[in-house]
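So the chains spell out like this:
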Amino acid sequence: MPAEMISKNTNDPVEYLTTDHKGPEAGVALCLSGGGYRAMVFHVGVVWRLYETGWLGRLDRISSVSGGSITSAVLGLAWDRLQIGAAPDRNRFEEEFVRPVRHLAGETIDAWGIIGGMLLPGTISEKIQASYRKYLFGDATLQNLPDKPRFVFNATNVQSGALWRFAKPYMRDYRVGEVRNPAISLAAAVAASSAFPPVLSPMVMEVDPAGFTPDSGKDLQHDPYTRRVVLCDGGVYDNLGLETAWKRYDTILVSDAGGKMQPEEEPKEDWARHSARVLDLIDNQVRSLRKRQLIQSYVGHARKGAYWGIRTDIADYQLSDPLPCPHRQTLELAAIPTRLQRMDSTLQKRLINWGYAVCDAALRKHVDPQLRKPEGFPYPATGV
């Protein structure tokens, strides 16, 4: 089905995800979902397998939200040092990419940020940014990222209700407008993308209105929208990080470490907890619809690519030789709470192994059947 015809079919479940172009460009995009440290570490395994297979070097865009944005930003800063395109070098890959992410995963930063934001000068978001600077990014800005692939970090604009994108050549919201070549720190961009409500959000960004490209916003390019931008977690708008990739390229790879809402036998009936439960229901439905729309796009040949998730049963790929990943054990990993909370070394290795294995299965089944089975897990003594 040609992409430009999608919006004309009122029965098509992906009708609202129309492309900005007459048809999608030839290109490959990777989407890294949210999900706290659980997602951050799971995606390390995903990137590891893409690196080994050469698919990492074929990417044109990496679109991320929340925990996925932490992983993506570390990858972006390390990109040139990784020498993508040369023969894979495990030692270099671990030193430049894996080690920094795992170091952060060994620290709890959300509780410290909340306590510090309540008791000390400054906001919770500023405390989270300080942790990102300390453990990962230093004084790096969006301008330290490579030109290709394009790294896009997604946040939600609480004022406009639209997606706010951070990237090297721009930051923008289609309603408010665009700032070219922003000198925003990576720590701030990732903090905005991972500002999970209500405790870690909002992230407030003061902006010079004169920095906006004239007439680049649809209807909100005026004060106060162009002076003070109020942002929260990108997953509130799109937890798969799908939209900025879908609208551009014809091959979409999606790594989903998001959770699933659990049943509740006796939901609370007081207004506060009942409201929270209802909001969770709404959020769960939005995430489920995004996933269904994506899968339908593959089935209908509107896009190529593959989806894999932390809750996936690897047996569903029907490969004869997947890495051994018992579903009972991987579901335990999927149930890890969505926190920026210290994770022990063994659990980190299990998550990395699982991301690596399920990415491999999806690639060999749906994207590149000629790929050889990997020799084993990145951490073979640990498994999943």
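Cut-offs applied
- Here the residue numbers are simple positions, counted from 1 along each chain's written sequence.
- Only residues with pLDDT of at least 70 get local features here, since the model is predicted, and only at 80 or more are side-chain atom pairs given and counted; chain-wide, interface and lining totals rely on the full set of residues.
- Side-chain calculation: all heavy atoms of the structure are included, whereas hydrogens and water are not.
- Here a strand is any run of E in DSSP of at least two residues, a helix any run of H or I of at least four, and the numbering for each starts at the N terminus.
- Working rule for contacts: check all heavy atoms of both residues, and any pair within 4.5 Å makes them a contact.
- Accessible surface is estimated by sampling points in the Shrake-Rupley manner with a 1.4 Å probe; for residues, cover comes only from the protein chains shown.
- In plain words, nonpolar cores are sets of buried Ala, Val, Leu, Ile, Met, Phe, Trp, Tyr and Cys residues tied together by side-chain atoms within 4.5 Å.
- Throughout, exposure labels follow a simple rule: accessible area from a 1.4 Å probe, protein chains only, divided by the maximum for the residue type, with under 20% read as buried, over 50% as exposed, and the rest as partly exposed.
- By this rule, a helix spans an expected 1.5 Å times one less than how many residues it contains.
- The term bend refers to the angle at a residue between two fitted axes, each drawn through seven residues, those ending there and those starting there.
- Charged residues are defined here as Lys and Arg on the positive side and Asp and Glu on the negative side; His and the ends of the chain fall outside this count.
- By convention in these notes, a salt bridge is any Lys or Arg side-chain nitrogen within 4 Å of a carboxyl oxygen on Asp or Glu.
- Polar contacts, as used here, are pairs of N or O atoms within 3.5 Å; protein pairs need one atom able to donate a hydrogen and one able to accept it. Residues neighboring in sequence count only if both atoms are side-chain atoms.

Counting secondary structure elements, the chain contains 11 helices and 10 strands. For the chain, contacts bridging at least 24 residues in sequence account for 74% of all contacts bridging at least 6. Carbon and sulfur atoms form 50% of the exposed surface of the chain, whose accessible area is close to 17,200 Å².

Looking now at the nonpolar core. Within the largest apolar cluster, 94 residues are counted, with the highest numbers of intra-cluster contacts made by Phe97, Tyr132, Phe166, Met205, Trp308 and Trp354. Tyrosine 132 has contacts with Ile70, Leu104, Ile109, Phe137, Gly138, Ala187, Val190, Ala191, Ser194 and Leu340, leaving out every residue within four places of it along the chain. If you look at the next biggest cluster of nonpolar residues, it comprises 13 residues, including Leu242, Tyr298, Ala302 and Tyr307.

Below, the discussion takes up helix 2 (residues 66-82). For helix 2, which comprises 17 residues, the first-to-last C-alpha distance of 23 Å matches the rise-based estimate of 24 Å (1.5 Å per residue) to within 8%. Residue glycine 76 marks the point of greatest curvature in helix 2, where the axis turns by about 35 degrees. The buried count for helix 2 comes to 14 of 17 residues, which makes it a mostly enclosed element. Glutamine 83 sits one or two residues past helix 2 and shows a positive phi near 55 degrees.

Bringing the side chain of aspartate 173 into the picture now. Here aspartate 173 lies in strand 5 (residues 170-173). Salt bridges are absent for the buried aspartate 173, whose nearest opposite-charge side chain, arginine 175, sits at 5.9 Å. Engagement of the side chain of aspartate 173 in a polar contact is seen with the side chain of asparagine 157, the distance being 2.9 Å. Not counting residues up to four positions away in its chain, the partners in contact with aspartate 173 are Asn157, Ser160, Ala162, Leu163 and Trp164.

Mapped onto the fold, arginine 350 is located in helix 11 (residues 345-367). Here the side chain of arginine 350 touches valine 384 through a polar contact of 2.7 Å, landing on its backbone oxygen. Not counting chain neighbours up to four residues away, the residues in contact with arginine 350 comprise Gln329, Glu332, Leu333, Thr382, Gly383 and Val384.

Let's shift gears to unusual backbone geometry. Residue proline 149 is bonded to the preceding lysine 148 through a cis peptide linkage, with omega at 0 degrees. Looking at the secondary structure, you find proline 149 in the loop between helix 5 (124-137) and strand 3 (150-157). Along the chain, aspartate 223 connects to proline 224 via a cis peptide bond; the corresponding omega equals 5 degrees. Within the fold, proline 224 resides in the loop between strand 7 (203-206) and strand 8 (228-233). The backbone phi angle of glutamine 318 is positive, close to 55 degrees, even though this residue is not glycine. Its place among the elements puts glutamine 318 in the loop between strand 10 (304-309) and helix 10 (327-334). On the basis of relative accessible area, glutamine 318 is assigned to the exposed category, the value being 64%.

Bear in mind that shape data such as this cannot, by itself, settle questions of function.
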